[in-house]
Amino acid sequence: MHCPLSASSGKEFSHTERERERERESLKASLFRESGSFYCPVSIACSVLLCFTGIKGNNGKYPMSSSLSRDLIFLILQFLDEEKFKDTLHKLEQESGMLFNLKYFEEMVLSGNWDEIERYLLGFTKLDDNRHSMKIFFEIRKQKYLEALDELDRSKAVDILAKDLKVFASFNEELFREMTMLLTLDNFRENEQLYNYKDSKTARAIMLIELKKLFEANPLFRDKLQFPNIRGSRLRMLINQSLNWQHSLCPNPRQNPDIRTLFVDHSCKNSNDSLAQLAASNQLIGSPTKMEGFLPLGTNVPFQPTSVELQAPLTTWMSNLSTRTHSAVSGGGIDFGRVTNPAAISNGLGNSDEMYKTRFSGVSDRVMFPVTNPGQSQSVMFNSTNELPKTVARTLNQGSIPTSMDFHPIQQTLLLVGTNVGSISLWEVSSREKLASRNFQVWNIGASSMILKATLIKDPCVLVKRIVWSPDGSLFGVAYSKHMMQLYTYQGGNDIQQHLEIDAHVGSVNDIAFCYPTKQLSVITCGDDKIIKVWDVATGAKMFNFEGHNAPVHSVCPHCKENVHFIFSTSVDGKIRAWLYDNVGYRVDYDAPGRSCTTMAYSADGKRLFSCGTNKDGESHIVEWNENEGLVKRSYQGFHKRSQGIVQFDTAKNRFLAVGDDYLVKFWDMDNVNLLTSIDAEGGLPASPRVRFNKEGTLLAVSANDNRIKILATVDGLQLMRTYDRHSLLAGSTSEAVTKNGDTRNMVDVEPKLADEVSLTKIWKLTEISEPAQFRLLRLSAPVKADKISRLIYTKSGTAILALATNAIHLLWKWPRSDLNSSGKVTTKVTPQLVQQSSGMAMTNDLTEAKPGEALSCFALSKNDSYVMSASGGKISLFNMMTFKIMTTFMSPPPAATYLAFHPHDNNIMAIGMEDSTILIYNVRLDKVMTNLKGHSKKITGLAFSHVLSVLVSSGADDQINVWNSDRWERQNNSFLQIPAGRASTEISDTQVQFHLDQIHFLAVHRTQLAIYETKKLECVKQWIVKESSAPICHAIFSCDSQLIYASYLDGTVRVFGASNLQLQCQINPTAYLPFDVSSSVYPLVVAAHPQEPNQFAIGLTDGRVHVLEPLESEGKWGVPPPVDNGSPSCISIASTLAASGLVQPQS
């Protein structure tokens, strides 16, 4: 309870008119106060930033204008907070008076740091600024006074009364007199207004509640209590862009510039410094596949360009973030900005689309778009019409009218469909199998709004407005015509689970899209309520709310360019607007061509922007925008004079446009305004059919009459479907059509009664490989003698394999580009090159202080394949992957490092598992241990980060799994593996962990089992137990799409499991890959999965060899999973087959 003896308890301070006038003048002065100049350790960063903005005053110097000064100070505050310069941070907050840090203030109050509290407050207000400020100072000094009395320190209390509280006597003499009388009491609680006073800790907490209310009511604090929404490490990113620009202007720019200082302009010079080489290295040896569109996360790393080509400048509205533009652009054009730097033109920078392709090392290697040149004529590359999906390969009977469709981004024969009755379905189009189906329902009607409940009672009919996969295919979202947006997780196969439900809009939710405005995945929705909203996918919290449309919002198109994230939105009144994630408002407002209700989309490479739609008169328009000139670049011809409904479109291969119009599918070449061709898909299309390409453009889903969907395919698409269809579980029954009364339908068109028609247990047989001819195998050779392979990994680019042997030697094989391997990816078709130093010396770990005979090998590869951290029982070594040179060594044993993992957002932060059971969070750049995590009792054997949940999962030889918060580095949960009864062993067993693609579940691997865990609850959801009489598991790993698990066993067997249900579907016996003369003691100790090819993996053997394995091209994948009957595996023959393999059934 708040102390009654206070200025807010009814004894108000009296104010004369003069005092009120002074209050108003003080308030006015505070509101128009500008920050003066200041000096701090990052002053050079400020100078670079001001240079980057290009703004100069009349004297030719860079001015500290009110707007720029404010933005700059916030950027420096962010920098100081990220660098942990806490004292400097709070000093700058106080001196600038721009951000009142409530958290810091709360800490000071709870600790009773009264002098510092007042010093901090004086940076924002004075005692006599206004009545709220006066009450704030009074409450603080009153608490200070009461605590002195409670401690029976009368002399201190008298001093506080005379120096701190007497100033209030002129405003309220009676109150001051009453406080003075407290000195006469043995216990001030005898005062009737203070009898509830408990202790100083409780009183401080109660006072904080009152103070927060005063801050919120005080006009001097209202705009200073929240930090602006700024992307992490923004200042570093701007400095990096400035350095990139300087480097682009170098007369002879080097590929790997050596930038050592910010105090002078950059100029390329020679340098042989090893650390500079580390900073400059950004690629694996050789010439990797050209990439662009990296999204820098601003991690604390050195500048690192990889190219001197420049990209075109961003739109004016993106570069000038403080300017809001609302005026419509005449002619439907968009003022996307122009090249304003004459140096860029005079230096002949060439392709302006490559600007800022340079980036930091250590930043995110998430690639947005593959590289193509949209201006290049591709007629020499393709016969246009042959590249279009025109053959009707499959017809699916949905059962209700399809309203939205989307192909899986990785498994490109999986199709999501939403319908006019609110149902959703997941199809495997190759086998025409409906894997899963869900009818619309509100998951938690009690949490829904009254408006939604009333709407559903009045009219329960709901249709799907949009269904879409997340970028990695682990989630999908559904927008409904009544209020709701629902998110599902996808675990593979038919496993879709409810994830999140949001009562998102009043009325229809018209569109949904996924985006990354921050480091974590978000989802955007728009609706009939004229609002656009951005939601956190993990928690469902609303992050942004964009208002400004005057009509229902029809669609959204999120995009990122040059690390600036933005959204295009369109409304039914023909308006197009653009937004940044800053809650400032829309930045561009213009009319769609013909004032049509339109949809916008970028080509797959993100370089070309298109819009397509229909107006109220039935006139349809599809155009390409010129982002440099802000005008319509092309307006494509070939629409029917009057379209029925709003036409839908899609893009493919960075070259083709497809539109459903006039009972046809019409195609254009992006570089030609004339209609390329049109097809009727063997008839039966509606007036404006829905169209949707798969990622590669080899399949096209088209909605058809009679609740059907037609799948059109190219030659490659037909091959893709044949590959999957060959292994369909129902291949024997669905390959034949059933004809009744002249109606030819596929078996999947009706609910199949499998038990009546075919015995699944007779169809399915475990795929067992015992001969080399049954799969593709490549044995990697090395002239260097290596002991058993203890660690194995593919590079992130998929072009090389790195192995670490127990004798501390690293082996790196890189695949060259050739006619047989144009991509340069790892393949069994081409023999790779073993990469070595020019001296012939191998990349070897330090073994000086390692214990002889103990294998403690571990390594971790940086996200951009630039360098590797590695240890073999001795010091941890940092190797440059271009030169193989050791850049540095650190952390001498004991204890020795046993596992290494890079932080997903910062290559400078590492989690290091130790032999003594601790986990060190280490900053490589600062050479500093940030924290020490303790929770295990034996050595650490596994570490895995989740960037979605912001957690670190650790496993140890103690069979324990811990979950740590990676922001605060606190333990959130822990659990022990469920070891089968009687299987506890005195032998120490390594437990490994790896996150699923959804970043929510993880795989735990133990010699006795495979287990899938849900991270938040740390709950085992699936488990596969190895029979006690069988060989234990050595190692296991997810495939790149998390649909398979590759596991190696001590007896040399390699098994392939379906990840969704842990069902065995393929077994590779050692006779298939080991020569006859090899000892029976040789077995695969480690397994590695290709980062892009889900059916390729590599094994590292105990004899020092590495093998790469792929299924036959005619097969396409590793066997098929056992069939499922009524949700459970058919038991008799399957169980016997598995038992014969030494395995038991999975447990849920």
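Our structure is the block above this text.
This structure is a prediction, so every number in the text was calculated from the model and none was measured. (Residues numbered from 1 in each chain as written. Predicted model: local features only at pLDDT ≥ 70, side-chain atom pairs only at ≥ 80, totals over all residues. Heavy atoms only, no water.)

Draft legend 1. Representation of the sheet that holds strand 10 (residues 484-490) within the structure. Taken in spatial order, the four strands make up an open sheet running 8-9-10-11, and their pairing is antiparallel. Of all strands in the sheet, those bounded by a partner on one side alone are strand 8 (464-469) and strand 11 (496-503). For this sheet, the mean angle separating the axes of adjacent strands, direction not counted, is 20°. Direction of pairing for strand 8 relative to strand 9 (residues 475-480): antiparallel, over a ladder of five bridges. Each bridged residue has a counterpart across the sheet, and for Ile467 the counterpart in strand 9 is Val478. (Pairing = 2+ DSSP bridges. Helix = DSSP H or I, 4+ residues; strand = E, 2+ residues; numbered from the N terminus. Axes fitted to C-alpha atoms, helices over the stretch in contact; angles between N-to-C directions.)

Draft legend 2. Molecular detail of the side chain of Gln1096. Turning to its location among the elements, Gln1096 is positioned in the loop between strand 60 (1084-1089) and strand 61 (1097-1101). Only 2.9 Å separates the side chain of Gln1096 from the side chain of Tyr794, close enough to count as a polar contact. Setting aside residues no more than four positions away along its own chain, Gln1096 makes contact with Tyr794, Val826, Thr827, Tyr1046, Ala1089, His1090, Val1108, Leu1109 and Glu1110. (Polar contact = N/O pair within 3.5 Å; in protein donor to acceptor, adjacent residues only side chain to side chain. Contact = heavy atoms within 4.5 Å.)

Draft legend 3. The arrangement of helix 5 (residues 102-111) in detail. For helix 5, every residue scored as buried is listed here: Tyr104, Phe105, Met108 and Val109. Seen along its axis, helix 5 keeps its buried residues to an arc of 135°; they face one direction. Across from the buried face of helix 5, at angles greater than 90 degrees, the exposed residues are Lys103 and Ser111. Where helix 5 begins, the capping side chain belongs to Asn101, and its oxygen is found 3.2 Å from the backbone nitrogen of Lys103. (Buried < 20%, exposed > 50% of the residue type's maximum accessible area, 1.4 Å probe, protein only. Arc of directions from axis to C-beta.)

Draft legend 4. Expanded view of the nonpolar core. Counting 44 residues, the largest nonpolar core has Phe100, Phe105, Leu121, Tyr145, Phe215 and Phe221 as the members making the most contacts within it. Of all elements in the fold, only helix 5, helix 6 (114-121), helix 7 (131-150), helix 8 (154-165), helix 9 (173-181) and helix 10 (200-217) reach the threshold of two or more residues within this core. Among the elements that line this core, the one with the most residues is helix 7, at nine residues. What Tyr145 contacts, discounting residues up to four positions off in sequence, is Ala157, Ile160, Leu161, Leu165, Met179, Thr180, Leu182 and Leu183. Leu780, Val1086, Ala1088 and Ala1098 belong to the second largest nonpolar core, which has 21 residues in total. (Core = buried A, V, L, I, M, F, W, Y, C linked by side-chain atoms within 4.5 Å.)

Draft legend 5. Representation of the sheet that holds strand 43 (residues 886-890) in the model. Taken in spatial order, the four strands make up an open sheet running 40-41-42-43, and their pairing is antiparallel. A strand with exactly one partner marks an edge of an open sheet, and here the two such strands are strand 40 (857-861) and strand 43. Across the sheet, the axes of successive neighbouring strands diverge by a mean angle of 20°, strand direction being ignored. Note that strand 42 (residues 876-880) and strand 43 share four bridges and pair antiparallel. Opposite Ile876, over in strand 43, you have Phe890 as the bridge partner.

Nothing here speaks to function; it is all geometry.
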